[in-house]
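Residue-level structure breakdown
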Amino acid sequence: MSFLTYLQGISRDKLKLALYSATSGDVERALNSPEGDLNSLLALLSPAAEPYIEQMAQQSVRLTRQRFGANIGMFLPLYLSNLCANECDYCGFSMSNKLKRKTLTGPELDAEMAVIKKLGYDSILLVSGEHETKVGIDYFKQVLPQVKHQFSYLAMEVQPLAEDEYSELVGLGLDAVMIYQETYNPQTYAEHHIRGKKKDFAYRLDTPERVAKAGVDKIGLGVLLGLDDWRLDALLLGHHLAYLESKYWRSRYSVSLPRLRPCTGGIAPKAELTDKGLVQLICAFRLFNQQLDISLSTREAPQLRDNLFPLGITHLSAGSSTQPGGYVNPDTQLDQFEISDERTPAQVSHAMKRRGLNPVWKDWESAWVAG
Amino acid sequence: MLKIADHQFSSRLLTGTGKFSTPRTMLEAIECSGSELVTMAMKRLDLKSGSDDILQPLLSSGVKLLPNTSGARNAKEAIFAAELAREILDTSWIKLEIHPDPKYLMPDPIETLAAAKILCDKGFIVLPYVHADPVLCRRLEEVGCAAVMPLGSPIGSNQGLVTETFLKMIIEQARVPVIVDAGIGAPSQATRAMELGADAVLVNTAIASSRDPVAMGRCFASAVQTGREAYLAGLGQVNSVASETSPLTGFLND
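Residues numbered from 1 in each chain as written. Chains lettered and ligands numbered in written order. Predicted model: local features only at pLDDT ≥ 70, side-chain atom pairs only at ≥ 80, totals over all residues. Heavy atoms only, no water.

Examining the overall build of chain A
From N to C terminus, chain A includes 14 helices and eleven strands. Here the C-alpha radius of gyration of chain A, 20 Å, is about what a compact globule of 371 residues would show, namely 21 Å. With the C-alpha coordinates of chain A rotated into their principal frame, the extents come out at 60 × 45 × 45 Å. By residue count, 60% of the 371 residues in chain A fall in the buried class. Partitioning the intrachain contacts of chain A with sequence separation of at least 6 by distance along the chain shows that 75% fall at a separation of at least 24. As displayed, chain A offers around 14700 Å² of accessible surface, 52% of which is attributable to carbon and sulfur atoms. The distance from the centre of the 40 positive side-chain charges to the centre of the 44 negative ones in chain A is 2 Å. (Helix = DSSP H or I, 4+ residues; strand = E, 2+ residues; numbered from the N terminus. Rg over C-alpha atoms; globule rule 2.2 N^0.38 Å. Buried < 20%, exposed > 50% of the residue type's maximum accessible area, 1.4 Å probe, protein only. Contact = heavy atoms within 4.5 Å. Areas by Shrake-Rupley, 256 points an atom, 1.4 Å probe, with all protein chains shown as cover. Lys, Arg positive; Asp, Glu negative; His and termini not counted. Charge placed at Lys NZ, Arg CZ, Asp CG, Glu CD.)

Next up, the structure:
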């Protein structure tokens, strides 16, 4: 059974009713449950859990330190291209947005990587808009060896690919794939994805399975918080994660919890997630899944990020640019979205250390397993 | 209802046929236990005479027979025993047991996985007896086993759920029924296995070696049912949460 079939078997109305009618008893049971399950996640994401956020945070910190120590992995996004053949009303890269389009050439990529290496990073997330013909598998096959030569850990956040394409990229050094569903509500999904291949909800939903079958080390899931009811979307993200973990148990998983940010031509959030809600979300996922990587982007403001670091986060970026070529030539013409934390990696690293956390710049060496 | 492959059982207690003082006691104990799936060793079948004082009465009692490959020391022997069982007993169901170690009768994980893959490919309904190894159980599930049967403690030892920590992991992760097999020595231990979420338990020595196997069969029947009901009702949690003093979320009030 695919996850699409699984999802179609769930009654959204019933699930929403259960989510909004959870009681304090359900939350207390979840807090006292040694192993997280989907019932516990439901309770912890519910409005009934709001008075328990401090308790959730205490547990989240304890579980995170127990599993990961004080370590937080540092990564940086490298935008390869802002070309996009999709029209999505929340994204600055949308094809109808009048902005200067750019795809990095080999020498430009080298120049970007040189700046990033100087900042201390060894883990990279390659990002592109979704343009299959101009920034497709042939381009990625060209780029990956060049990047892997410089970075130990290589993740990608690009358009969904076929299983054999992912397999090819694994052979070239691909370690992780981030593929965010944006929302698990097919109707909302259809409203926001107006044109282009991204309109295909089912194909995107099946992507993590193709990634897993191709043997990629880590799979990143996520929703764009604010497109739909964040509690329900997050709960369905939990269902997706549980499904994948059960079926593809050799893979590692991460979640990203981005809130909808202002961007060129973009929409305002429909269902606002407050700071308090974000804390609830991070802690609920940590209590649900103790081995899960949870990453935090520079979309959040510096002070909030500092407070969120210890609560369950395992990976974060600092000093990000969201435009191709932006590390060499910073300007704001080509951005995907606005970032809030503009501190340098050194400043963020210092803030982490003040809180007793240890930034980890290198955490993988594929030569150990090459053979 | 317990569903294994395409078959449904109303009882979640599986029993064995070894160690009883008489075939009659065995039959009575099985009947009182309510068990509908009963395992017996292929090595005990009398192939020469064509009749058997255990087999024939069992078949007549209407229970489903689960032949096992106990005595097999490697995959080759187990596959041969399974094929023999299919031929003689006209069933594709097989409890796969491979234990080359005569002292503790520990199941051999490598030979078991190899045999399970071949038997599943040949169309058998394979229920492998294994150590309580969560990774092995997932790999057995992947090759197509219809259930997994991790041990609670060494076979015939009546030591109970020595492997409880690992049984919990297996139960949490499995997508096929988990039947706790071997080592359950008392009804309370069967209840505990069911409370943890096991789909069924298999009990033989604890019933057969008791002073009154028939009464003990009955006790296990109710113990398994109680454990299952407790699992479905949801156990109350042991409170492990201490109240911390320095808030981590105070910044939300700023």
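Still to come is the rest of the account.
Things to note about the overall build of chain B
Along the backbone of chain B there are nine helices and ten strands. Scaling as 2.2 N^0.38, a compact globule of 254 residues should have a C-alpha radius of gyration of about 18 Å, and chain B matches this with 20 Å. Across its three principal directions, the C-alpha atoms of chain B cover 85 × 40 × 35 Å. Here chain B, with 254 residues, has 50% of them falling under the buried criterion. Here the contacts in chain B between residues at least 6 apart in sequence split such that 65% fall between residues at least 24 apart.

Side note on the interface of chain B and chain A
Tallying the contact residues gives 20 residues for chain B and 25 residues for chain A. Both faces considered, chain B and chain A share a buried interface measuring about 1800 Å² in area, 58% of it formed by carbon and sulfur atoms. At the surface where chain B touches chain A, the tally comes to one salt bridge. As a salt-bridge pair, A:R250 and B:E142 come within 2.8 Å of each other at their nearest N and O atoms. Inspection of the region where chain B meets chain A yields six residue pairs in polar contact (both at pLDDT 80 or more). Those elements that provide at least two residues to the side of chain B that touches chain A are α5 (134–142) and α6 (164–173) of chain B. The leading source of residues in the side of chain B that touches chain A is α5(B), at four residues. Here the residues of the side of chain B that touches chain A are counted per class, giving seven nonpolar, six polar and seven charged. (Buried area = accessible area lost by both parts, 1.4 Å probe. Salt bridge = Lys/Arg side-chain N within 4 Å of Asp/Glu carboxyl O. Polar contact = N/O pair within 3.5 Å; in protein donor to acceptor, adjacent residues only side chain to side chain. Nonpolar A, V, L, I, M, F, W, Y, C, P; charged D, E, K, R; others polar.)

Comments concerning the pattern of salt bridges
All names here are of chain A. In the structure shown here, the tally under the stated rule is 32 salt bridges over all chains. For K16, the salt bridge identified is with D229, shortest N-O distance 3.6 Å. In this pair, K16 sits in helix α2 (residues 12–20) while D229 sits in the loop between β7 (218–222) and α11 (230–247), placing the two residues 213 residues apart along the sequence. Classification of K16 as partly exposed rests on a relative accessible area of 36%. One network of salt bridges, in which partners are shared, links E130, E182, K198 and R204.

As for the packing of helix α6 (residues 106–118) of chain A against helix α7 (residues 137–148) of chain A
Residues and elements named next belong to chain A. Here α6 crosses α7 at 30 degrees, and the two axes come no closer than 11 Å. With respect to each other, α6 and α7 are oriented roughly parallel. For α6 against α7, the interelement crossing comes out right-handed. Of the residues in α7, those in contact with G106, L109, D110 and M113 of α6 are V143, Q146 and V147. (Axes fitted to C-alpha atoms, helices over the stretch in contact; angles between N-to-C directions. Parallel < 35°, antiparallel > 145°, perpendicular 65-115°, else oblique. Left-handed = near helix turned anticlockwise from the far one by under 90°.)

Observations concerning unusual backbone geometry
Residues and elements named next belong to chain B. The phi torsion at D90 lies on the positive side, around 55 degrees, for a residue other than glycine. The class of D90 is exposed, set by a relative accessible area of 71%. At A182, a position not held by glycine, the phi torsion is positive, near 80 degrees. Checked against the element boundaries, A182 lands in the loop between β9 (179–181) and α7 (187–195).

Let's talk about the pairing of strand β8 (residues 252–256) of chain A
All names here are of chain A. Burial within β8 is extensive, with four of its five residues counted as buried. Viewed along the sheet, the connection from β7 through α11 into β8 turns out right-handed. Two strands pair when backbone bridges link them, and β8 and strand β9 (residues 293–296) are joined in this way by three bridges, in the parallel orientation. The residue bridging V255 from the neighbouring strand is I294, located in β9. (Right-handed = clockwise from strand over helix to strand, strands pointing away. Pairing = 2+ DSSP bridges.)

Some details on the UniProt feature "active site" (unreviewed entry) in chain B
All names here are of chain B. Cross-referencing UniProt, the feature "active site" (unreviewed entry) maps to K95 in the present numbering. If you trace the backbone, K95 turns up in strand β6 (residues 93–96). Apart from residues lying up to four places away in sequence, K95 is in contact with T39, L66, P67, N68, T69, L127, Y129, M149, D181 and L202. Side-chain polar atoms of K95 contact the side chain of E97, separated by 2.9 Å. (UniProt positions renumbered as here; feature names shortened; annotations may be inferred.)

Thoughts on the side chain of B:H99
All names here are of chain B. Note on placement: H99 falls in the loop between β6 and α4 (109–121). Since its relative accessible area comes to 8%, H99 is described here as buried. Side chain to side chain, H99 and E97 meet in a polar contact 2.9 Å long. Those residues in contact with H99 that sit more than four places away from it in its chain are S70, G71, A72, L105, M106, P107 and Y129.

Some remarks on the nonpolar core
Counting residues in each nonpolar core, the largest one holds 102 residues, and the members touching the most others are A:L126, A:F140 and A:L257. Filtering out sequence-adjacent residues up to four positions away, A:L126 remains in contact with A:L78, A:L80, A:V143, A:L144, A:V147, A:L154, A:A155, A:M156, A:E157 and A:V158. Within the second largest apolar cluster, 58 residues are counted, among which are B:A29, B:F124, B:V178 and B:I184. (Core = buried A, V, L, I, M, F, W, Y, C linked by side-chain atoms within 4.5 Å.)

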